[in-house]
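Listed below, chain by chain, are the residues.
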Amino acid sequence: MSDEAKQHNYSADSIQALEGMEHVRMRPSMYIGDIGVRGLHHLVYEVVDNSIDEALAGHCDTIKVTINEDNSITTEDNGRGIPVGLHKKEGVSALEVVMTKIGAGGKFDKDSYKVSGGLHGVGVSCVNALSEHLKATVYRDGKIWEQEYERGKTLYPVKTIGESDKNGTVVTFKPDSQIFQQTLEYNYETLASRLRELAFLNKGITVELKDLRNKDDKGEFVGEVFHSTEGLPEFVQYLDATREPLMKTVIAFEGEKNNIPVEVAMIYNTSYSENLHSYVNNINTHEGGTHLSGFRRGLTHTLKKYADSSGLTDKLKFDISGDDFREGLTAIISVKVAEPQFEGQTKTKLGNREVSASVSQAVSEMLTDYLEEHPDDAKIIVQKVILAAQARHAAQKAREMVQRKTVMSIGGLPGKLSDCSEQDPEKCEVFLVEGDSAGGTAKQGRDRAFQAILPLRGKILNVEKAMSHKVFENEEIKNIFTALGVTIGTEEDSKALNLSKLRYHKVVIMCDADIDGSHIATLILTFFFRYMKELIENGHIYIATPPLYLVKRGAKKQYAWSDAERDEIITQFGEGSKIQRYKGLGEMNAEQLWDTTMNPEFRTMRLVQIDNGSEADRIFSMLMGDEVPPRREFIEKNAVYANIDA
């Protein structure tokens, strides 16, 4: 049988069972990362990945995802349909093998799929194991096949329930409340951002999302259709919609190098941040890897060669570094690798060495052609690089000042910092508090043993609009660096963060529960995202949640964190309840602040996580940039209290 015939002969025997899945329910975090919000959404991605694999193999172009009223999920594709014939080795239908054996799937058979996304081999069987109920419906060979499961166990053998001339697979599952005890509620925006990303990464595919829990102003169910005809160039334009571009067109490359499909799209803008997003088989590789290093090498080598030959850099008194070529750059690198090797279980860093040369070669060819054909843009890019080099030189001096303060003894700590007595960073936490008044209250209310307080004066610098040296010269930002004890910049990477001397493992942003407080918190988060992203990625950044109301009636009193909670308490307390609205932290006394917001036994703190790097990048640039309309639209859609004048 020819290779082509083998590829299209996707049958029961293409499915290989690797091992049992008894372990999944006992150790779910090993398979889906965690059993919180992230793990819950990961279930959807695992099922959708199967449909994307069908699309990559050329057998599917439409995928539909529905959030049902009860927070169950239905995914549907128009692929070939999971094989239903008898699996020789297992003695049951191949559908049952796929659904009940961990690691079973066509993606392990190279003849069925050349490239696959979910290569941990957990796939839909893992989703089945972690669902209280799952139903699989397969349209294949002119018939409709069905099987249902409870917590991974089959309820009946695969059966035919009708006839149909369409092909595809429909999976409906309800996550198990025994496993996902934190929440069973799906977030529409979280799913939308991932499905949008998949549509950009796989041009020509249509991905539909519908939410049967909510209706829009027209009385129709909330939903979106994601489809990209150009792919990565459109993705770059979407991410950079609120930034000012330096050129009219996106620089893009799509082709195969050394049998590795490579896609790259990039554009320069007037910002000072570097925004690189890399993917392998649709998986977002947060930690980069060989494809990202190949991109950087190709970019630096080609641009440096052009800049030197142009004569524009002759008057510079210092060398241009790799960082300078990437300032104000937004780029997406997507490769498809038949057998990717990921470093670690989290699939966030690609290890395949051969990929680096392929990407580097592709970038060099793409850029060389573009620079020759667009001399005006080429000159603008080189001028941007020179400006970045000059700013980096200035920032280095400013950063050295921060370093000198940081490495000094305890006397070198910011004067405003009220430190804690505990020396073990794992047990220590620091509160970044808005304003001296609230800072004073927090100092009185804290537990001095392990809680430190750093008051911040007003709104810190908006780093999204500031050059690096201005950031490092800013007094409040210098105080944050110095208090945390971290240093920035190494010989290899001038932007790398050294966390070895981090003095607190919990960094808590504590601001007023109003519009101004939210703005200050967003400014601080933008700073961490752009300059200390590792702190977020390692789970060190938290947001405190002070209460909005205090409800009293006689000797009874209770705090409320929302309007709904306030109304519920008033109903319990009855008529005559008095309500105090906290407009700021300063309105609480030290005891109240400790009881509600700082006491580890009773407080609620939100851990800041990056679920989708490219979407986070877009939102920060939109919230902190110059474009008002998209910011207004975002705030009106997402804010709990939004009274917007600007």
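Note: the structure precedes this text.
In this text the structure is predicted, and so the values were computed from the model without any measurement.

Would you mind going over the pattern of salt bridges with me for this structure?
Opposite charge on two side chains makes pairing possible when the charged atoms of those side chains draw close. Following the criterion strictly, the structure yields 26 salt bridges and no others. Notably, a salt bridge pairs D240 with R243, separated by 2.5 Å at the nearest N-O pair. Across the pair, exposure class does not vary: D240 and R243 are buried alike. The partner of D567 in a salt bridge is R566, with the nearest N and O atoms 3.0 Å apart. The class for R566 is buried, based on a relative accessible area of 18%. By sharing partners, the salt bridges in this structure join R196, E224, E615 and R618 into a single network.

What exactly am I supposed to notice about helix α4 (residues 37-56) here?
An α-helix turns once every 3.6 residues. As a result, residues three or four positions apart point the same way. Between its first and last C-alpha, α4 extends 28 Å over 20 residues, near the 28 Å set by a 1.5 Å rise per residue. Counting buried residues in α4 gives 15 out of 20 residues, a clear majority hidden from the surface. Positioned one or two residues after α4, G58 has a phi angle of 85 degrees, which is positive.

Honestly, the packing of aromatic side chains in this entry has me stumped. Any pointers?
Within a pair of aromatic rings, the relevant descriptors are the distance that separates the centres and the angle that separates the planes. For the structure on display, the rule yields 9 aromatic pairs. Judged by centre distance (6.1 Å) and plane angle (25 degrees), the rings of F527 and Y531 are stacked. Note that F527 and Y531 are positioned in helix α15 (residues 515-531) at a spacing of 4 residues, about one turn of the helix. Y531 carries the same exposure label as F527, and that label is buried. For the cation-ring pair, K159 lies above Y156, with the distance from its terminal atom to the ring centre recorded as 4.3 Å. Above the plane of the ring of Y549 lies R566, whose end atom (NZ or CZ) is 4.8 Å from the centre.

Scoring rules and cut-offs
Every chain is numbered independently, its residues counted from 1 as its sequence is written. In keeping with the model being predicted, local features are shown solely for residues with a pLDDT of at least 70 and side-chain atom pairs are shown and tallied solely at 80 or more, while totals for entire chains, interfaces and linings include all residues. Side-chain figures throughout are based on the complete set of non-hydrogen atoms in the structure, without hydrogens or water. Any carboxyl oxygen of Asp or Glu within 4 Å of a side-chain nitrogen of Lys or Arg constitutes a salt bridge here. Buried means the residue's accessible area, taken with a 1.4 Å probe over protein chains only, is under 20% of the maximum for its type, while exposed means over 50%, and partly exposed covers the values in between. Helix and strand assignments follow DSSP, with helices taken as H or I runs no shorter than four residues and strands as E runs no shorter than two, numbered in order from the N terminus. By this rule, a helix spans an expected 1.5 Å times one less than how many residues it contains. Between 30 and 60 degrees the pair is tilted, below 30 it is stacked and above 60 it is edge-to-face, where a pair is any two Phe, Tyr or Trp rings, Trp via its six-membered ring, whose centres lie within 6.5 Å. Working rule: Lys NZ or Arg CZ, within 6 Å of ring centre, within 35 degrees of ring normal, means a charge sits over the ring.

Take it as geometry only, folks, not as evidence of what the structure does.
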